[in-house]
Amino acid sequence: MIKERIIKVIESKGIPKESFFKKIGMTSASFRGDARKTPLNSTAIENILSEIPDLNPRWLLTGDGSMLIDHAGDNVLACEKASSYEDNHEGIPLITLDAFAGMARGEIRVMDYECDRYIIPGCDDADFLIAVKGPSMSPKYASGDIVACRHVPLENIFFQWNKVYVLDTAQGALIKRVRKGPDDQHILLISDNEEYEPFELALDQINAVALVMGIVRLE
C-alpha cells in the first residue's frame, strides 16, 4: 500500500514521522489501522514528492522500480540495460521532466533513461512517457499520472489549440494546455487547475515540444 511505502521511505531516511506528517498536511492517525488503506489525493502526493525530491514517483504509487532516484546510479544501470534494447525497442520509454529538458539541450539521449518501457494500447506513435508533477493540471492530469507524448518539430511549429503539450522552456519543463496568444510570436499556456493563472510564452523561449497523446492513471 502507498502509505506503507511512505513509512518505509521516511524510516530509511531517518525522517521524524510526526514532523513529516505535519509538513505534508496529514496526521499520524492517517497511517494507522484501517486509515492506512485510504488513498491519498494529488495534493498530498505532491507535498510528499516536494519534501523528498529524490523519491521515485512510480515506486511511491505502484511499488515498482527503485525507491529513490539516484541519477548517478541510474546512468550506470541505463547503460547496462541500453545494450539489451539495441535490437529490441519494443514499448515506450518512461523518462523524467529533467530528461526531456536535457534532450532538448542535447545533453542526454532517451537511451540514457531507458530503464523501463511500456506498451500502451492506442499510443503506438508516442515517443516517450513522462510523469505529471504538481497539481496545476488537475483534475484531469493528477500529480503522478503518466502521459504518453510525441515529439513535435520546432521548425514551422503548428499547435493544435487547446491540446496539452510538454514544453521545455527557459522556465523549465512544463505540461500545459496551449491556446492562441495575442500575436503570432506568443502562445497562451493554460492550467486546468483554475487556481493557476494563464500566462504568455514567446515562441523563441521554447527549446522542445511534445504533444500529450494519452494518459495512464496509476491507481
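Refer to the preceding data block for the structure.
Residues numbered from 1 in each chain as written. Predicted model: local features only at pLDDT ≥ 70, side-chain atom pairs only at ≥ 80, totals over all residues. Heavy atoms only, no water.

Undergrad: Hey, could you go over the overall build of the chain for me, with residue numbers and the actual values?
TA: Assigned secondary structure in the chain consists of six helices and nine strands. Per element, the accessible surface of the chain, about 11,900 Å² overall, is 49% carbon and sulfur. (Helix = DSSP H or I, 4+ residues; strand = E, 2+ residues; numbered from the N terminus. Areas by Shrake-Rupley, 256 points an atom, 1.4 Å probe, with all protein chains shown as cover.)

Undergrad: Please give an account of the nonpolar core that cites residues and values.
TA: The biggest cluster of nonpolar side chains holds 21 residues, and the ones touching the most others in it are Phe20, Leu40, Ile48, Leu55 and Leu60. Contributions of two or more residues to this core are made by helix H1 (2-13), helix H2 (17-23), helix H3 (42-51) and helix H4 (57-62). Those residues in contact with isoleucine 48 that sit more than four places away from it in its chain are Ile6, Phe20, Ile24, Leu40, Leu55 and Leu60. Ile95, Val132, Val147 and Ala210 belong to the second-largest nonpolar core, a separate cluster that totals 16 residues. (Core = buried A, V, L, I, M, F, W, Y, C linked by side-chain atoms within 4.5 Å. Buried < 20%, exposed > 50% of the residue type's maximum accessible area, 1.4 Å probe, protein only. Contact = heavy atoms within 4.5 Å.)

Undergrad: Any details on the sheet that holds strand E1 (residues 92-95)? Residues and values, ideally.
TA: Sheets are built from strands that pair by backbone hydrogen bonding, the pairs being arranged parallel or antiparallel. Strand order in the open sheet formed by nine strands is E2-E1-E3-E4-E9-E5-E6-E7-E8, with mixed pairing between adjacent strands. Each having just a single partner strand, strand E2 (117-118) and strand E8 (199-202) make up the two edges of the open sheet. In terms of strand pairing, strand E3 (residues 128-131) meets strand E4 (residues 146-152) through four bridges, oriented antiparallel. Residue leucine 129 lies in a different strand from E4, and its bridge partner there is alanine 148. (Pairing = 2+ DSSP bridges.)

Undergrad: Which residues make up the pattern of salt bridges, and what values go with them?
TA: According to the stated counting rule, one finds three salt bridges in the structure shown. Residue aspartate 192 is joined to arginine 177 by a salt bridge in which the shortest nitrogen-to-oxygen separation is 2.8 Å. Note that aspartate 192 is positioned in the loop between strand E7 (186-190) and E8 and arginine 177 in strand E6 (residues 172-180), a separation of 15 residues in sequence. Residue aspartate 192 is classed as partly exposed on the basis of its relative accessible area of 22%. (Salt bridge = Lys/Arg side-chain N within 4 Å of Asp/Glu carboxyl O.)

Undergrad: Can you tell me about unusual backbone geometry, naming the residues and giving the values?
TA: Between serine 138 and the following residue, proline 139, the backbone shows a cis peptide bond with an omega angle of 10 degrees. In this structure, proline 139 sits in the loop between E3 and E4.

Undergrad: Hey, could you go over the pairing of E1 for me, with residue numbers and the actual values?
TA: Going residue by residue along E1, you find Ile92 and Leu94 tucked away on one face and Pro93 and Ile95 tucked away on the opposite face as well. Alignment of E1 against E2, held across two bridges, turns out to be antiparallel. Along E2, the bridge assignment pairs proline 93 with arginine 117. In terms of strand pairing, E1 meets E3 through two bridges, oriented parallel. Directly across from leucine 94, in E3, lies its bridge partner leucine 129.

Undergrad: With reference to specific residues and values, describe the packing of aromatic side chains.
TA: Enumeration over the complete set of coordinates arrives at four aromatic pairs. On the basis of an interplanar angle of 15 degrees and a centroid distance of 4.3 Å, the ring pair of phenylalanine 21 and phenylalanine 31 is categorised as stacked. Separated by 10 residues along the polypeptide, phenylalanine 21 in helix H2 and phenylalanine 31 in the loop between H2 and H3 bring together distant segments of the chain. The same class applies to phenylalanine 21 as to phenylalanine 31, namely buried. Ring geometry for phenylalanine 159 and tryptophan 161: centres 6.3 Å apart, planes at 20 degrees, overall stacked. What makes tryptophan 161 partly exposed here is its relative accessible area of 43%. By way of ring pairs, the aromatic residues Phe20, Phe21 and Phe31 are connected into one cluster. (Phe/Tyr/Trp six-rings, centres within 6.5 Å; stacked < 30°, edge-to-face > 60°.)

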